[in-house]
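Structure assessment
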Amino acid sequence: MSKNEYCFLKTQSVLGVLVFVFFLLSLSLGPSNLTILDFWFLGETEKNNTSWLIFFEIRLPRAILGLAVGLSLGLAGAALQGYLRNPLAEPGIIGVSTSASLFTVIVFYSGLSAGFALLMPLAGILGATSAVLVLQSLAGRNASALTVVLAGVAISSFSGALISLALNFSSNPFATYEIVFWLLGSVADRGHDQVAIALPFMAVGWALLLCLGNPLDALTLGEEEATSLGYKLSRVRTQLIFGTALAVGSATSIAGTIGFVGLVVPHLLRPLVGNRPKLLLSTSALGGGALVLAADIAVRLLPFKQEIKLGVLTALIGAPFFLLLIIKQRRNVS
Amino acid sequence: MILLKIDELSVKLGSSTILNAITLELKQGQIIGLMGANGSGKSTLLKAIAGLIPHSGEICLRGQVIKKLSLRARAKTIGYLGQSQLPSWSLSVRDFVALGRLPFKDGDKISAKKILEKSILECDLADLSDRLVTQLSGGELARARIARVIAGEPTILLLDEPIAGLDPLHQLEIMHLLQNKVSEGLTVILVLHDLSLAARFTNRLVLLKEGRMLVAGPTGLVLNSENLAEAFKINSQYCVTDGIPYVLPTYPIKTLSDRHKG
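Please read these numbers as outputs of a predicted model, since none were measured by experiment.

1. Considering helix α4 (residues 96-110) of chain A
Residues and elements named next belong to chain A. For α4, which comprises 15 residues, the first-to-last C-alpha distance of 21 Å matches the rise-based estimate of 21 Å (1.5 Å per residue) to within 8%. Of all 15 residues in α4, eleven are buried, a share of seventy percent or more. Looking one or two residues past α4, G111 carries a phi angle of roughly 80°, positive in sign.

Structure, rendered in structure tokens:
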């Protein structure tokens, strides 16, 4: 076993343990002082009482969503950085997150979500898919990484502008309040039905992205040499875009905008896997899961009157990190 | 034995013709040099042979039309190295060389690891195998890139200026390395600008001018002052000292100011 393979396995094991511990902690923390052990020892007759409801209906979907959203963001971040060969890339960059948010906001705004709750996640997935299709047509079949980024930035800006327009024209202050809070990003107060509809889409996205390991390794050499190694880049790009749309689109539709996870996690873990894009995929997925679970635990522990939103916390940590990365890149260039 | 047959190969980029009706036959086990002034179509010809750009005409490798081969089958037969560039991520030399095995998807097999070790040894990289590629010197990186491409055990190797930017010692090292591989049966087609190295190391030369093939044949015959004047607008002398041929470009037929005037 090579040194890098050993480091990869060690990192995966440590992250696996962290995810497990944070998942259990997530199940154990909340306004009521019940821990995972209290639920473990509940008798059959007690399984309909409030304690069981807190555990099964409130904390379990929250923990599952935290893990799934983190996996999606970490994995998509690593895949995008590998494809674009740019450590500053993250899921939001191709416009998928903002477009998913836009479609979900439209459902909120129109009041359709009140009649049919599952329409929200479906709208998010539709938004993500639309972003992908627009991106494909804007960038063209044999677009370079730079064109994809520019097209993504355009979609993201336009979707953002439309969200602002919706908020601008909203006559109902409660709807505006609800939209703004949803946009801040959180995995709290979500139910099993939302998990059930989003998880299969996310799983398909994960599968598509995890299969990109070898082509992403080849892309380390540049697009021409990657093609000369037998990879059809248009297919790689399509798989990447749809994988990201399914994973991040469905995650965003349920949890709102949780930024910077896809940026921070791959950057921190890259040196531990010898900078290989293939090894970074699954490592980053686990890292994303661990980070979002940890952040979601932190928002519950922070001593504020009102629980701080998960997306706000990740942005507070991620934005300075992003600036540090830019400064580091500028130093490298100079 | 004819390894590569190129018939009426043309490449167009929009309305401009980059390569025009190139016809060539190349044998196995030789170093073939592609030479010509900047913009004459050398790199485009290499890319067309590698199947990286759309073209008209036919390229056959051992009688098989390259266009009809799957991407993976092509990757197993043709090793392509573009003009020197640093990899996007700073991999270790070993991981970098291992990328050459990607078309075979056999990275974990013992046989693949043996091939990898052989490539690393042949390119004199054993002491550097754990070093990051970004920490290599220009000569070391050039060797690592060649190790990467020979790790795929291709039938034919296409190299675009593999010795550009290297000092004379490293240029000779790379050319000797290629000569050794050719003696084992590999065929190398490379773009180079150094007339003396071409005279010394290549078996055949193809001279290109403005997208057309000016002349092709054994190096000794092609490297004459008439052909070089036509291809590069230079005067030249072909000499042999201690059995080593070299070409001395002496003076441009037209100076830069003349060319601007005329």
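2. Here we look at a nonpolar patch on the surface
Together, V17, F20, V21, L24 and L25 of chain A make up a nonpolar patch on the protein surface, roughly 420 Å² of accessible area in all. For V17 of chain A, a relative accessible area of 53% corresponds to the exposed category.

3. A look at empty space enclosed by the protein
Regions of empty space are outlined by a rolling probe, equal in size to a water molecule, passed over the atoms. Applying the stated criterion to the full structure yields three cavities of 30 Å³ or more. By volume, the largest cavity is sized at about 80 Å³. Contributing to the lining of the largest cavity are 13 residues, with L229 of chain A together with A75, I78, G79 and V149 of chain B lying nearest its centre. Looking at the lining of the largest cavity, the elements with two or more residues in it are β6 (78-81) and α5 (138-150) of chain B. A per-element tally of the lining of the largest cavity places β6 of chain B first, with three residues. For the lining of the largest cavity, the per-class residue count stands at eight nonpolar, four polar and one charged. What lines the second largest cavity is T227 and S228 of chain A together with A50, G51, L52, L71, R74, A75, I78 and Y80 of chain B. Mapped by element, the contributors of at least two residues to the lining of the second largest cavity are α11 (223-228) of chain A together with α2 (71-77) and β6 of chain B. In terms of residues, the lining of the second largest cavity owes the most to one element, α2 of chain B, which gives three residues. Residues belonging to the lining of the second largest cavity are distributed by class as follows: six nonpolar, three polar and one charged.

4. Section: helix α4 (residues 110-122) of chain B
For the α-helix, the turn length of 3.6 residues means that residues three or four positions removed from each other point alike. Residue and element names in this part refer to chain B. In this model α4 runs 18 Å from its N-terminal to its C-terminal C-alpha over 13 residues, within 8% of the 18 Å that 1.5 Å per residue would give. Packing partners of the buried residues in α4 comprise α3 (93-98) and α5. D124 lies just past α4 and shows a positive phi near 55°.

5. A short note on the sheet that holds strand β1 (residues 2-13) of chain B
Residue and element names in this part refer to chain B. Spatial ordering of the open sheet is given by β2-β1-β4-β5, a layout of four strands whose pairing is antiparallel. Of all strands in the sheet, those with a lone pairing partner are β2 (16-27) and β5 (64-65), marking the two edges. Across eight bridges, the pairing between β1 and β2 is antiparallel. Residue pairing in the sheet places L9 in a bridge with I22 of β2. Of the strands in this sheet, β1, β2 and β4 (56-61) touch helix α1 (residues 42-50), which is tilted by about 115° from β1.

6. Some words on the layout of surface pockets
Of the pockets and cavities examined, the second largest pocket occupies roughly 620 Å³. Taken together, 22 residues make up the lining of the second largest pocket; nearest its centre are E5 and R276 of chain A together with A98, G107 and D108 of chain B. Put simply, the parts of the chain that give the lining of the second largest pocket at least two residues each are α10 (213-219) and α14 (277-301) of chain A together with α3 and α4 of chain B. Of the residues that constitute the lining of the second largest pocket, the class distribution is seven nonpolar, three polar and twelve charged.

7. With respect to the interface of chain B and chain A
Contacts between chain B and chain A engage 27 residues on the former and 27 residues on the latter. When residues of chain B are sorted by the area they lose upon contact with chain A, L71, W89 and L102 of chain B head the list and together hold 31% of the total. Viewed at the interface, chain A and chain B are joined by three salt bridges. Counting across the chain B and chain A interface gives seven residue pairs in polar contact (both at pLDDT 80 or more). Taken together, the elements giving at least two residues each to the side of chain B that touches chain A come down to α2, β6, α3 and α5 of chain B. Within the side of chain B that touches chain A, the residues separate by chemical class into 13 nonpolar, six polar and eight charged.

8. Some thoughts on the sheet that holds strand β9 (residues 204-209) of chain B
All names here are of chain B. Within the open sheet, the six strands sit side by side as β6-β7-β8-β3-β9-β10. Their pairing is mixed. Looking at the sheet topology across the chains shown, the edges are occupied by β6 and β10 (212-218). Ignoring which end each strand starts from, the neighbouring axes of this sheet average 15° apart. Contacting β6 and β7 (156-160), α5 runs over the sheet at an angle of about 160° to β6. Sitting on the sheet, helix α6 (residues 168-183) touches β3 (31-36), β7 and β8 (187-191), and the angle it makes with β8 is about 150°.

Reading the values: the criteria
- Along each chain, the written sequence defines residue order, and numbers are assigned to residues from 1.
- Lettering of chains starts at A and numbering of ligands starts at 1, both following the order in which they are written.
- Given that this is a predicted model, residues contribute local features only at a pLDDT of at least 70 and side-chain atom pairs are listed and counted only at 80 or more, while totals for whole chains, interfaces and linings are drawn from all residues.
- Side-chain descriptors were evaluated using all non-hydrogen atoms of the structure, hydrogens and water having been removed beforehand.
- Put simply, DSSP H or I for four residues or longer makes a helix, DSSP E for two residues or longer makes a strand, and each gets a number counted from the N terminus.
- Every helix has an expected span of 1.5 Å times one less than the residues it contains.
- Relative accessible area decides the class of each residue, using a 1.4 Å probe on protein chains only: under 20% of the type maximum gives buried, over 50% gives exposed, and in between gives partly exposed.
- Like-charged residues within 9 Å of one another, or nonpolar side chains (Val, Leu, Ile, Met, Phe, Trp, Tyr) within 5 Å, are grouped into patches, provided each residue has over 30% relative accessible area and no salt bridge.
- Here the Shrake-Rupley method, with its probe set to 1.4 Å, supplies the accessible areas, and only the displayed protein chains count as covering residues.
- The term salt bridge refers to a pairing of a side-chain nitrogen on Lys or Arg with a carboxyl oxygen on Asp or Glu at a separation within 4 Å.
- Of the two site types, the cavity is a set of points on a 1 Å grid over the protein atoms alone where a 1.4 Å probe fits but cannot get out, and the pocket is an open set with protein on both sides within 12 Å along at least five of seven lines, each lined by residues with an atom within 4 Å of a point.
- Grid points are joined across faces, edges and corners, and a volume is the space filled by probe spheres set on the points.
- Classification used: nonpolar for Ala, Val, Leu, Ile, Met, Phe, Trp, Tyr, Cys and Pro, charged for Asp, Glu, Lys and Arg, polar for all others including Gly.
- The contact criterion used throughout is that any non-hydrogen atoms of two residues lie within 4.5 Å.
- Following DSSP output, two strands are said to pair if at least two bridges run between them.
- Axis definition: a line fitted to C-alpha atoms, over the contacting stretch in the case of helices. Angles run 0 to 180 degrees between N-to-C directions.
- The quantity reported as buried area is the accessible area (1.4 Å probe) lost by two parts once they are put together, taken as the sum for both.
- A 3.5 Å cut-off defines polar contacts: any pair of N or O atoms within that distance qualifies, except that in protein one atom must be a possible hydrogen donor and the other a possible acceptor, and neighbouring residues in sequence count only when both atoms are side-chain atoms.

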